[in-house]
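These are the residues of each chain, in order.
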Amino acid sequence: MTSSDILIRAEGVGKTYRMGSERVDAVQDVDLSIARGEFVSLMGPSGCGKTTLLNLFGCIDVPTTGRLHVFGEDVTGMTERRRAELRLNRIGFVFQRFYLLPMLTAFENVELPMIESKTPHRERDARARALLERVGLAHRLRHRPHQLSGGEMQRVAIARALSNQPDLIIADEPTGELDRKTGASILKLIKELQSGGLTVVMATHDPHAAELGDRVVQMEGARA
Amino acid sequence: MMLRVAIRNVMRHRLRTLFTVLALSMAIALLADMRMLAHGMEKTFYRVLSSVGYEVRVCPRGTLPFATDAVIDESGRVVDALHADARVDRTLRVLGTTLHVDSIPVFAMGVDGERQSLYAVIAGKDLPDRVGPDRAVELLLNENAMRDLHVAIGDTLTLQRDAPGATLAFSRGLRTVVTGTIHIAFDLPGQRTAILPLEAVQQMRQAGDAASFVLVKLRSDEGHLVPLDEQRSVAASLADTFPDLSVYAMDSLMEALQRQLAYFKQFALILSTISLLVTFLLVAVVLTIGVGERRGEIAALRSMGFRRRSIQAMILSESALLLAMSAVLGSVLGWFLAGYLDGILTQSPSLPSGYRFFIPAWREIATAVAMSGVAGILAALLPAIQAARVDIPRTLHEEVV
């Protein structure tokens, strides 16, 4: 694997929080490389640091120790503005609780990140339609989240994550709020994204879901 | 799009938005009305002053016209001196007193001057320039006096200085004939006013050559009022000529009025400040609650790469929307409330009928809306900054937990 194939490289990465006077080591001494186009599942019990590690890989947070490179850039010393740029243009996020804006339609939710990235109107319109069609919701464009099922909401969230044509998908327990059958269809969709060339890092505590990954990284006690 | 998101956010809690807009509208209406309060008095006072048609007033030292019973003792000498000034076109001496017809009091003004514009004759004819030795004194009455005294043009009236039965009543009456009906801009509501020759009133008051004040019209093209600068300049030089009298240009009378209105202005200032504070606090509270409720959504937007500036713009747009809706309603409410309050206050018996407290004015409403807008935007700054600085990992974690 050449260095240009590496999308994420973590060397001794750690993240420590302060909760009042208490110090919490959420992630400790993680060494991990994720190649372009790879599907990595982070497995482990609740509180083992999966979400914290995803936040670091997704440039939402910065490590307190070690070195972390995402897309070849050192995240450790990166400004908030630059991290926001990377998140907007190169990383797509899929959350357990979807986080769709309830007052916008499915179409508008997908369109929103493209407006922030200043994608021309005609292009974003076409892309939002195509993405919703791709996730099987062409008939739900004008529906608001409360008019959709859990599975449909997660599909809209996936379409939204893809709207700015990212290289990396960060999925945090994407099936956590779904029944087994719906969850399976969402996982299938995420697997298809990888087949399309995207890199996927997914946190899950479900061994069946984790098995979809090319590699399963087991986390325990803040260590990978 | 952020505006669209802001609109949808505002419409998300319709009842909350409705109550907020109603409360903000009232605050804007109150602010607009407080700005109109006292401005109406200033405007109408200036209008009445202008309609009287004299630029300069010469009064007993330290007094304003009819503010006290003080008089200028040798008013004829003053008028002669005034006419010696080439800038003076004409003068009108006025002596005010209360006379009686039987037991009914009438406010009488004796006047002496040519081409007067203190009052307007609306029926009949004006007073003659001179009083004939053997003729009944001619008299002009306003409509209130005509009605209350049951007289018409051509009728005779006997005026007494004192009411019947008063101690030291002045026994000799003045026989007059009514020759016209007049209108005076600064009459109080219901006031009975009579205009007589100055000499007749001086005799009734046994006041020699006295006058309450002298009105001075300065020379100008086509009889218009001369500019304020010129008024001030003439008033200053007349003040030098008559050091024992007070000489007022129109703007110094306005200043005197403004001093008298200081209480109104203070009152208006306090209520305006309260209104702005209410706007500030209301917007701050509503937006802080809104941001608190949507912390998860905001954190998700931030995690997706939305810039802090975009989040701030969204919250500020919500404030602007609330204020825009309130501005429309508050403007209409302020306009009608001003009219209603003016109707109540102008019924005061001590206020001349042409005077107003509130004059509905779009300029004042626009200023109130602009001030409320600034207060609302300032109030939105803190919740906007809070929203933009939301701790993404912690908030998302708390939302899931």
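As a further point, take the overall build of chain B. When helices and strands are counted, chain B shows 13 helices and 10 strands. Taken against the 2.2 N^0.38 rule, which gives 21 Å for 401 residues, the C-alpha radius of gyration of chain B at 31 Å runs more than 25% over that of a compact globule. Seen along its three principal axes, the alpha-carbon backbone of chain B occupies a region of about 105 × 45 × 40 Å. The buried share among the 401 residues of chain B stands at 41%. The contacts of chain B with a sequence gap of at least 6 include a subset with a gap of at least 24, amounting to 81%.

Another aspect to go through is the overall build of chain A. On a plain count of helices and strands, chain A comes out with seven helices and nine strands. Relative to a compact globule of 224 residues, whose C-alpha radius of gyration would be 17 Å, chain A shows 17 Å and is just as compact. Seen through its principal axes, chain A has C-alpha atoms that stretch 45 × 40 × 35 Å. Within chain A, buried positions represent 49% of all 224 residues. In chain A, the proportion of contacts linking residues at least 24 apart, taken out of those at least 6 apart, comes to 72%.

Let us now look at the interface of chain B and chain A. Across the boundary between the two partners, chain B contributes 19 residues, which contact 21 residues of chain A. Listed by contribution, the elements that provide at least two residues to the side of chain B that touches chain A are α1 (2-12), α10 (295-303) and α13 (392-400) of chain B. Here the side of chain B that touches chain A is built from residues that sort into eight nonpolar, six polar and five charged.

This paragraph deals with helix α6 (residues 180-195) of chain A. All names here are of chain A. If you check α6, its first and last C-alpha atoms are 22 Å apart, about what 16 residues at 1.5 Å a residue would give, namely 22 Å. Those residues of α6 that are buried are in contact with α5 (150-162), β7 (168-172), β8 (199-204) and α7 (207-210). One or two residues past the end of α6 sits glycine 197, with phi positive at roughly 110 degrees.

The next point concerns the sheet that holds strand β6 (residues 91-94) of chain A. Residues and elements named next belong to chain A. The strand order β6-β7-β8-β3-β9 describes an open sheet built from five strands, whose pairing is parallel. Either end of the sheet is taken by a strand with one partner, and the two such strands are β6 and β9 (215-218). Here the strands of the sheet are splayed against their neighbours by 15 degrees on average, with no regard to which way each runs. Sheet topology places β6 next to β7; four bridges connect them, and they run parallel. Looking at β7, one finds that phenylalanine 93 is bridged to isoleucine 170. Each of β3 (39-43), β7 and β8 touches α6; the most contacted strand, β8, lies at about 155 degrees to it.

As a further point, take the pairing of β7(A). When you tally the buried positions in β7(A), you get five out of five residues, the bulk of the element. What joins β7(A) to β8(A) is α6(A), and the crossover it makes is right-handed.

Attention now moves to the nonpolar core. All names here are of chain B. The biggest cluster of nonpolar side chains holds 176 residues, and the ones touching the most others in it are Val56 and Ala194. With 10 residues, the top contributor of residues to this core is helix α2 (residues 14-36). Leaving out residues up to four positions away in the same chain, valine 56 has contacts with Val216, Leu218, Gln231, Val234, Ala235, Leu238, Val247, Tyr248 and Ala249.

This brings us to the sheet that holds strand β1 (residues 6-19) of chain A. Residues and elements named next belong to chain A. In spatial order, the strands read β2-β1-β4-β5; together these four strands make up an open sheet with antiparallel pairing. Lying at the two open borders of the sheet, with one neighbouring strand each, are β2 (22-35) and β5 (73-74). Bridge count for β1 against β2 is 10 bridges, and the pairing is antiparallel. Looking at β2, one finds that isoleucine 6 is bridged to alanine 35. Taken strand by strand, helix α1 (residues 50-57) contacts β1, β2 and β4 (65-70), and its axis lies near 60 degrees from that of β2.

Another aspect to go through is the packing of helix α9 (residues 262-293) of chain B against helix α12 (residues 362-388) of chain B. Residue and element names in this part refer to chain B. The N-to-C vectors of α9 and α12 enclose an angle of 30 degrees; their axes lie 8 Å apart at closest approach. When the axis of α9 is compared with that of α12, the two are roughly parallel. Once α9 is placed against α12, the crossing between them reads as right-handed. Here Leu276, Thr279, Phe280, Val283, Ala284, Leu287, Thr288 and Val291 of α9 lie close against α12, whose contacting residues are Met371, Ser372, Ala375, Gly376, Leu378, Ala379, Ala380, Leu382, Pro383, Gln386 and Ala387. Broken down by class, the residue content of the contact of α9 with α12 amounts to 14 nonpolar, five polar and no charged.

Glancing now at unusual backbone geometry. Most peptide bonds are trans, and most residues other than glycine sit at a negative phi. Residue and element names in this part refer to chain A. Residues other than glycine seldom take positive phi values, yet cysteine 59 does so here, at roughly 60 degrees. Mapped onto the fold, cysteine 59 is located in the loop between α1 and β4. We note that glutamine 165 has phi near 50 degrees; this positive angle belongs to a residue other than glycine. Take glutamine 165: there are 14 C-beta atoms within 10 Å of it, and that puts it in the partly exposed class.

Residue and element names in this part refer to chain B. Examined against the element boundaries, methionine 146 turns out to sit in helix α5 (residues 143-149). Under the C-beta neighbour-count criterion, methionine 146 is labelled partly exposed, with 19 such atoms within 10 Å. A sequence separation of 48 residues divides methionine 146 from alanine 194, and the C-alpha atoms of the two residues are 9.5 Å apart. Sequence-distant contacts of methionine 146, defined by excluding residues within four places in its chain, comprise Leu141, Val151 and Thr181.

Low pLDDT means the predicted atomic positions in that stretch should not be read closely. On average, residues of chain A score 91 in pLDDT, and 97% of them reach the 70 mark or higher. Mean pLDDT values for the elements of chain A range from 88 in α7(A) up to 95 in helix α3 (residues 106-116) of chain A.

Reading guide: rules and limits
- Residues numbered from 1 in each chain as written.
- Chains lettered and ligands numbered in written order.
- Predicted model: local features only at pLDDT ≥ 70, side-chain atom pairs only at ≥ 80, totals over all residues.
- Helix = DSSP H or I, 4+ residues; strand = E, 2+ residues; numbered from the N terminus.
- Rg over C-alpha atoms; globule rule 2.2 N^0.38 Å.
- Buried ≥ 20, exposed ≤ 12 C-beta atoms within 10 Å, placed from the backbone.
- Contact = placed C-beta atoms within 7 Å.
- Nonpolar A, V, L, I, M, F, W, Y, C, P; charged D, E, K, R; others polar.
- Expected span 1.5 Å × (residues − 1).
- Pairing = 2+ DSSP bridges.
- Axes fitted to C-alpha atoms, helices over the stretch in contact; angles between N-to-C directions.
- Right-handed = clockwise from strand over helix to strand, strands pointing away.
- Core = buried A, V, L, I, M, F, W, Y, C linked by C-beta atoms within 7 Å.
- Parallel < 35°, antiparallel > 145°, perpendicular 65-115°, else oblique.
- Left-handed = near helix turned anticlockwise from the far one by under 90°.
- pLDDT = per-residue confidence, 0-100.

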